[in-house]
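Summary of structural features
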Amino acid sequence: MDNLLTELKKLKLRESPAISKKCIDDILEMITAEDCDKASAGKTLVTEGILPELQHHVNLSDENVMKAAKLVAELAKTSSVREECVKQKFVDLFTKHLSSSDVETCTQVCRALGNICYDNDVGREAMSNCEGLEKLYNHLKRLHCDKKDDTHKASRMMGCGCLLNLTNTNELLQEKAIKLGALDLMNGYMQDYIDDEDLMSMVLMTVSSLVDSESAKEQIIDSKLPTTVVKLYESPEVAEIEDAILELLATLAEDDSVKNDLCKTALTQHLLATIRTHQDSDEDDSQTLVKLAADLIILLLTGDDSMQLLYNDGSGPVFLVSKKWLQCSHPHLRVCGALAIGNFARGDANCINLVKDGTTNVLIESLQITADDDISSKANMTMLHAVLSALRNIAIPASNKSAMINAGVLEKVLQFMSSDAAPVQFKLLGLLRMAVDGQEEAAKTLGTNEEFLKRLVAWCSVEEHAGVKGEANRLMASLIKNSRSSIVMNTILQIGGLKHLVSMATSEHTVMQNEALVALNLMIASIIGTNAASIKDSDLIPTIMTLLNDEKLLPELMCNTLSLVNGLHSADVTREAIQTAEILPMVQKHKGHSDSIVQERVLQVLATYGTS
């Protein structure tokens, strides 16, 4: 440290240009030495006033710019020094030299500006204020025009790095760079410098930063950038940066239009080739590539049109290999196989084919494998969630339900009802609800499984996960509707399910309201005789009053509410409760309802209770 301060003192003496240059060189050599504590040295030099001194010497001659920029670039590696560099006007000073004809000067100026702007919004603002971004863009554009000049190799690298540090996480500068044409310029760099691996890596990071902005996403749709990145991925020269390419492709593929364009290229063939090449390797880098490639395939499948392109009427390579992944030993590929099938299972035609070609049976079999493993492990939980999600989608078409039930899906799924994972519970309940819809015997079987019903009622009270609570309530209503069994209804009543159905009747979701009202009507019609007291003690009467007072209640819901009032007449205790609560005057108010069916239902209720 003493030697550094000695050289700084010499520099401050300003004896001659030659001595000053020698001092700067010596300081630079000392702070770049391997044994130097760079952060401490940098802070000390700045505290002792090196920045004003460097600025003085730079202003004396353009020859000193390169040396000063080189030294400032080293000093600015320390975060606390960056704002001091801005205060000393180095941003303004260096940007003026971005048009220099001296290659080394431009290289070091870009390096210094890039380091000053790294994670430093003060530096970025200074660059913006002095039109530094425009000057940097023009510099990079000139470098691209000199495509064959290898002397500019380092300058291209530093220029792209400067653009990255300037725009990264700064949306205003990202938007500005895109308007200038930075994405098209980077696209040109990828096309023309594909053999420069280091530059390609920097360009990929720069593009990844730029495409964070909204205007970039709009521009990408009409650009050639996605196609260029795919071609880059296909090139053998970029094997070392394959992971960076895949990460950028995943960012680009967030837009559905880009997904479609990517699926029309040879991208998925190369993704599958990458997976085949690396899936049996134990190397971390290989497994990273497998994960990135497989995850990108799943992302492509989330678009409706891109999914159909890859499905290709059941003959697409991605679809065929995803079925094999379900049964492979690679944990991540098994999960991706289930996720892929779940995405292919969007649309009745695909779902019906998945049952016909036996894919559903493979999914159901994989549930047994998961049950035999440690269900609580993260990997198995992820796999279970993916499989349940896929089976739920496949269970939607009416023609698939009986086939899936016959294949044992209910029995296999009930193995996991003790799971504490809310995402698994949510998918499990959704699958069961889809499977029993329209299936009377299956609804009776599930509705008379007291152990499951107790678990179901507990899920109806889950406040931590609205999805689980909602699906549990909907499944309970579905079991009543589809079984139409008094045994199922009595069991649900005895274990405390009624209050949840009553609460569901005032849900914010119209579909759930109607499902609850249908289930309640069925219960009232079937089991009110011996259970009237229990029904009276519930919140059903106040709930009916709330619904009747709701002027915005849909006609279908109003009709079902009026049917409830009608049904409650058959038991003395509930009939008395209706009259005591003065519900009938509320019913009368709807005699002039705009819907004729509601009017008719009102008259039925009034006739039943002997009121005109």
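Scroll up for the structure.
Residue positions are given per chain, counted from 1 along the sequence in the order it is written. With pLDDT at 70 or above as the cut-off, local features in this predicted model cover only qualifying residues; side-chain atom pairs require 80 or more to be listed or tallied, and sums for whole chains, interfaces and linings still use all residues. Heavy atoms throughout the structure, all of them, feed into the side-chain values; hydrogens and water do not.

Moving on: the overall build of the chain. Numbering goes from the N terminus for both helices and strands, where a helix is a DSSP run of H or I of at least four residues and a strand is a run of E of at least two. From N to C terminus, the chain includes 40 helices and 0 strands. C-alpha atoms define the radius of gyration in this analysis, and the globule rule sets the expected value at 2.2 Å times the number of residues to the power 0.38. Here the C-alpha radius of gyration of the chain, 35 Å, is well above what a compact globule of 612 residues would show, namely 25 Å. For the chain, the spread of C-alpha atoms along the three principal axes comes to 115 × 55 × 45 Å. The buried label goes to any residue with under 20% of its type's maximum accessible area, the exposed label to any with over 50%, and the partly exposed label to all in between, with areas taken from a 1.4 Å probe on protein chains only. Each of the 612 residues in the chain was classed as buried or not, and the buried ones make up 53%. Whether two residues are in contact is decided by their heavy atoms: any pair within 4.5 Å suffices. Summarising the internal contacts of the chain: among those between residues at least 6 apart in sequence, 70% fall at separations of at least 24. Lys and Arg are tallied as positive, Asp and Glu as negative. Neither His nor the chain termini are counted. For charged residues, the charge sits on one atom: NZ in Lys, CZ in Arg, CG in Asp, CD in Glu. Taking the 58 positively charged and 86 negatively charged side chains of the chain as two groups, their mean positions are separated by 3 Å.

Cavities and pockets are defined on a 1 Å grid built over the protein atoms alone: a cavity is a set of grid points where a 1.4 Å probe fits but cannot escape, while a pocket is an open set with protein on both sides within 12 Å along at least five of seven lines, and lining residues are those with an atom within 4 Å of any such point. Grid points are joined across faces, edges and corners, and a volume is the space filled by probe spheres set on the points. For the structure shown, the criterion picks out 1 cavity of 30 Å³ or more. Approximately 50 Å³ is the volume attributed to the largest cavity. Together, Ile31, Lys38, Ala41, Gly42, Leu45, Glu74, Leu75 and Thr78 line the largest cavity. Of all elements in the fold, only α3 (38-47) and α5 (63-75) reach the threshold of two or more residues within the lining of the largest cavity.

Moving on to the layout of surface pockets. Remark: the empty space left among the atoms is shown by a probe the size of a water molecule rolled over them. Roughly 370 Å³ of volume is contained in the largest pocket. Lys469, Gly470, Asn473, Ser507 and Met512 are the residues nearest the centre of the largest pocket, which is lined by 17 residues in total. Of all the elements in the fold, those that place two or more residues in the lining of the largest pocket are α32 (466-483) and α34 (498-504). Top contributing element to the lining of the largest pocket by residue count: α32, with 6 residues. For this classification, the nonpolar set comprises Ala, Val, Leu, Ile, Met, Phe, Trp, Tyr, Cys and Pro, the charged set comprises Asp, Glu, Lys and Arg, and every other residue, Gly included, is treated as polar. Grouping the amino acids of the lining of the largest pocket by side-chain chemistry returns 4 nonpolar, 7 polar and 6 charged.

Right, let's talk about the side chain of His593 for a bit. One can find His593 in the loop between α39 (583-588) and α40 (596-608). Excluding residues within four positions of it along the chain, His593 makes contact with Pro555, Val598 and Gln599.

What is shown is where atoms sit, not what they do.
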